[in-house]
Protein chains: 4
Amino acid sequence: MHHHIDATMQTCIDECLRCYQSCLEMSSGHCLELGGEHAKPGHIKLMLACSETCRATAHVMIIGSRHHKHLCAECADICADCASECERVGDMDACVRACRACAESCRAMTA
Amino acid sequence: MHHHIDATMQTCIDECLRCYQSCLEMSSGHCLELGGEHAKPGHIKLMLACSETCRATAHVMIIGSRHHKHLCAECADICADCASECERVGDMDACVRACRACAESCRAMTA
Amino acid sequence: MHHHIDATMQTCIDECLRCYQSCLEMSSGHCLELGGEHAKPGHIKLMLACSETCRATAHVMIIGSRHHKHLCAECADICADCASECERVGDMDACVRACRACAESCRAMTA
Amino acid sequence: MHHHIDATMQTCIDECLRCYQSCLEMSSGHCLELGGEHAKPGHIKLMLACSETCRATAHVMIIGSRHHKHLCAECADICADCASECERVGDMDACVRACRACAESCRAMTA
């Protein structure tokens, strides 16, 4: 169906959308329900910013713009930061995995 | 992983994101390359509006807000309109299928 | 500059973008810093869903799609709900005002 | 109202949202109506990618995440590219001005 998007880019789009969902869903659900360190503004802000960056990066790849490489580089950085922060806070395994997978896939797109 | 989102809602989120990608990708690629009726402002505007509505509907479901039902109803309507328009213009089969599947899934969420 | 968008619609776009900013900014800052009732998942989810609905409604108006009326109706509803909830929780005056102004402007677009 | 966002950042948010509107509105209206070079996939894709990058950059500033500087840098780059391309194609003065103003404002945020 997506004849302008090769398999590697489609995988990256899928990882970005998965990480977008994971960060948005866990920040507005899991983290606020747990409270404490999980609900601190800094943690929620990082997760929401990571979610939006993944969403916009997928969007620019879907459009088919050659500017996607720059956004992929930023997305890889913020996903790596978000994975580290989620690991530190703990009980965020699904989000850590989604962020790591997205960071790796985005990094590969910048090569 | 998504313990606050049941299987039916996750399917609807997936259909929304698939239709979002299909409408955005085909409007900015396939349709503009074909030109003629495919590149008319009315056709592209409907596809971009459908794409954004699907994206926002998925977003509100991922957040876990009870307001998702209202957006799902609007999303079902615009996807049905977009499917009909794409069928009329022709050579848009993948988009017709994505819009129909999304409309059906969103309609079921409003029950 | 925006010759396809008349003054009434531009005002509605502006109100939507103002309410989008207010709900997103206060939920990820003010509310999480206050904690207590302000940081409860239900309150944050409503504010984030309202923010996204405003953002998408503005987007569909900017595209110039005739489907904007349906989104304006939903946007007016969720903004009215968000205004009431923010008034109940208290110390959310700027957000109450932004939601009320957006609801009124969106309601007028559906006429 | 926005006590976590200083005047310089609010100006940058406003410029990003103005450029987002200008690029989205002109690509789906003005450019498709003119046809010819204005409706070529490469031109529309750049405008849509610029629009989305501005939108996401504003979003991350509104959230209050410290990661905004990276997105501001990317946003300044794509806005500068979009301004040059719009100037080359011609009859895009409003968009050239919005892109230049946004690029300058975003560049200042990265300092």
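In case you missed it, the structure is sitting above this.
So, here's what we can say about the structure. (Residues numbered from 1 in each chain as written. Chains lettered and ligands numbered in written order. Predicted model: local features only at pLDDT ≥ 70, side-chain atom pairs only at ≥ 80, totals over all residues. Heavy atoms only, no water.)

**Here's the deal with the overall build of chain A**
So, step 1. When helices and strands are counted, chain A shows four helices and zero strands.
So, step 2. Each helix (α) and strand (β) of chain A, taken in turn from the N terminus, gives the series α-α-α-α.
So, step 3. Each of the three principal axes of chain A carries a C-alpha extent, and together these read 45 × 25 × 20 Å.
So, step 4. In chain A, which comprises 111 residues, the share counted as buried stands at 68%.
So, step 5. In chain A, once contacts between residues fewer than 6 apart in sequence are set aside, the share between residues at least 24 apart is 71%.
So, step 6. Surface summary for chain A: the accessible area is close to 4100 Å², and the carbon and sulfur share equals 50%.
So, step 7. With 10 positive and 15 negative side-chain charges, chain A shows a spacing of 4 Å between the two charge centroids. (Helix = DSSP H or I, 4+ residues; strand = E, 2+ residues; numbered from the N terminus. Buried < 20%, exposed > 50% of the residue type's maximum accessible area, 1.4 Å probe, protein only. Contact = heavy atoms within 4.5 Å. Areas by Shrake-Rupley, 256 points an atom, 1.4 Å probe, with all protein chains shown as cover. Lys, Arg positive; Asp, Glu negative; His and termini not counted. Charge placed at Lys NZ, Arg CZ, Asp CG, Glu CD.)

**Details of the pattern of salt bridges**
So, step 1. Here the structure, examined in full by the defined rule, presents 25 salt bridges over all chains.
So, step 2. Notably, a salt bridge pairs Arg88(A) with Glu85(A), separated by 3.3 Å at the nearest N-O pair. Highlighted residues: Arg88(A) and Glu85(A), both in helix H3 (residues 68-89), separated by three residues, approximately one helical turn.
So, step 3. Where Glu37(D) meets Arg88(D), a salt bridge forms, and the shortest distance between an N and an O atom there is 3.1 Å. (Salt bridge = Lys/Arg side-chain N within 4 Å of Asp/Glu carboxyl O.)

**Side note on the side chain of Ser65(A)**
So, step 1. In this structure, Ser65(A) sits in the loop between helix H2 (41-63) and H3.
So, step 2. Given the relative accessible area of 6%, Ser65(A) is considered buried.
So, step 3. The contact partners of Ser65(A), leaving out residues within four places of it in the chain, are Val60(A), Lys45(D) and Ala49(D).

**A short note on empty space enclosed by the protein**
Take a probe with the size of a water molecule and roll it over the atoms, and the empty space left behind shows itself.
So, step 1. Scanning the model with the defined rule gives eight cavities of 30 Å³ or more in all.
So, step 2. Taken as a whole, the largest cavity encloses approximately 140 Å³ of empty space.
So, step 3. Lining the largest cavity are 15 residues; nearest its centre among them are Leu24(A), His59(B), Leu24(C), Leu48(C) and His59(D).
So, step 4. Broken down by secondary-structure element, the contributors of at least two residues to the lining of the largest cavity are helix H1 (7-34) and H2 of chain A, helix H2 (41-63) of chain B, helix H1 (7-34) and helix H2 (41-63) of chain C together with helix H2 (41-63) of chain D.
So, step 5. Lining the second largest cavity are 14 residues, and of these His59(A), Leu24(B), His59(C), Leu24(D) and Leu48(D) lie nearest its centre.
So, step 6. Looking at the lining of the second largest cavity, the elements that each hand over two or more residues are H2 of chain A, helix H1 (7-34) and H2 of chain B together with helix H1 (7-34) and H2 of chain D.
So, step 7. At four residues, the largest contribution of residues to the lining of the second largest cavity is made by H2(D).
So, step 8. Within the lining of the second largest cavity, the residues separate by chemical class into seven nonpolar, four polar and three charged. (1 Å grid on protein atoms, 1.4 Å probe; cavity = no way out; pocket = protein on both sides within 12 Å on 5 of 7 lines; lining within 4 Å. Points joined across faces, edges and corners; volume = space filled by probe spheres on them. Nonpolar A, V, L, I, M, F, W, Y, C, P; charged D, E, K, R; others polar.)

**Observations concerning unusual backbone geometry**
So, step 1. In this structure, Asp91(A) takes a positive phi of about 60 degrees despite not being glycine.
So, step 2. Mapped onto the fold, Asp91(A) is located in the loop between H3 and helix H4 (93-109).

**Let's talk about the interface of chain B and chain D**
Interfaces are frequently sized by the accessible area removed from exposure as the parts join.
So, step 1. Each partner contributes to the interface: chain B provides 11 residues, whereas chain D provides 11 residues.
So, step 2. Counting each side, the surface lost to burial between chain B and chain D is near 920 Å², with a carbon and sulfur contribution of 64%.
So, step 3. Ranking the residues of chain B by area buried against chain D places Ser28(B), Leu32(B) and Pro41(B) at the top, with a combined share of 44%.
So, step 4. In this assembly, chain B and chain D are joined by two salt bridges.
So, step 5. In this structure, Glu52(D) and Arg55(B) form a salt bridge, with 2.8 Å as the shortest nitrogen-oxygen distance.
So, step 6. The interface formed by chain B and chain D includes two residue pairs in polar contact (both at pLDDT 80 or more).
So, step 7. Listing elements by their share of the side of chain B that touches chain D, those giving two or more residues are H1 and H2 of chain B. (Buried area = accessible area lost by both parts, 1.4 Å probe. Polar contact = N/O pair within 3.5 Å; in protein donor to acceptor, adjacent residues only side chain to side chain.)

**Remarks on the interface of chain B and chain A**
So, step 1. With 21 residues of chain B in contact, the opposing surface of chain A contributes 21 residues.
So, step 2. Around 2200 Å² of area is buried between chain B and chain A when both sides are counted, 58% of it from carbon and sulfur atoms.
So, step 3. The largest per-residue losses of area from chain B upon contact with chain A belong to Gln21(B), Glu25(B) and Ile62(B), which jointly make up 26% of the total buried on that side.
So, step 4. Listing elements by their share of the side of chain B that touches chain A, those giving two or more residues are H1 and H2 of chain B.
So, step 5. Sort the elements by how many residues they give to the side of chain B that touches chain A and H1(B) lands first, with 10 residues.

**Focus: H2(B)**
Residue and element names in this part refer to chain B.
So, step 1. The terminal C-alpha atoms of H2 lie 33 Å apart, and with 23 residues this matches the ideal 33 Å at 1.5 Å per residue to within 8%.
So, step 2. Across the 23 residues of H2, 22 count as buried, placing the element largely inside the fold.
So, step 3. Two residues or fewer past H2, Gly64 is found with a positive phi of approximately 95 degrees. (Expected span 1.5 Å × (residues − 1).)

**What about the environment of Ala39(B)?**
So, step 1. With respect to the helices and strands, Ala39(B) occurs in the loop between H1 and H2.
So, step 2. On the basis of relative accessible area, Ala39(B) is assigned to the buried category, the value being 14%.
So, step 3. Separated by 11 residues in the primary sequence, Ala39(B) and Ser28(B) have C-alpha atoms spaced 9.3 Å apart.
So, step 4. When neighbours within four sequence positions are excluded, Ala39(B) is seen to be in contact with Cys31(B), Leu32(B), Ile44(B) and Leu32(D).

**A short note on the relation of the copies chain B and chain A**
So, step 1. Screw-axis analysis of chain B against chain A gives a translation of 0.0 Å along the axis, an RMSD of 0.0 Å, and a rotation angle of 180 degrees. On this basis, the relationship between the two copies can be described by a two-fold rotation axis. Closest to the rotation axis within chain B is the C-alpha of Leu17(B), separated from it by 4.1 Å.
So, step 2. Here 100% of the contact residues of chain B are again contact residues in chain A; the copies associate through an equivalent surface. (Least-squares fit on C-alpha atoms with pLDDT ≥ 70 in both.)

**Observations regarding the relation of the copies chain B and chain D**
So, step 1. For the pair chain B and chain D, the best superposition has an RMSD of 0.0 Å and corresponds to a rotation of 180 degrees with a translation of 0.0 Å parallel to the axis.
So, step 2. Of the residues that chain B buries at the interface, 100% are likewise interface residues in chain D, meaning the two copies contact each other through the same surface.

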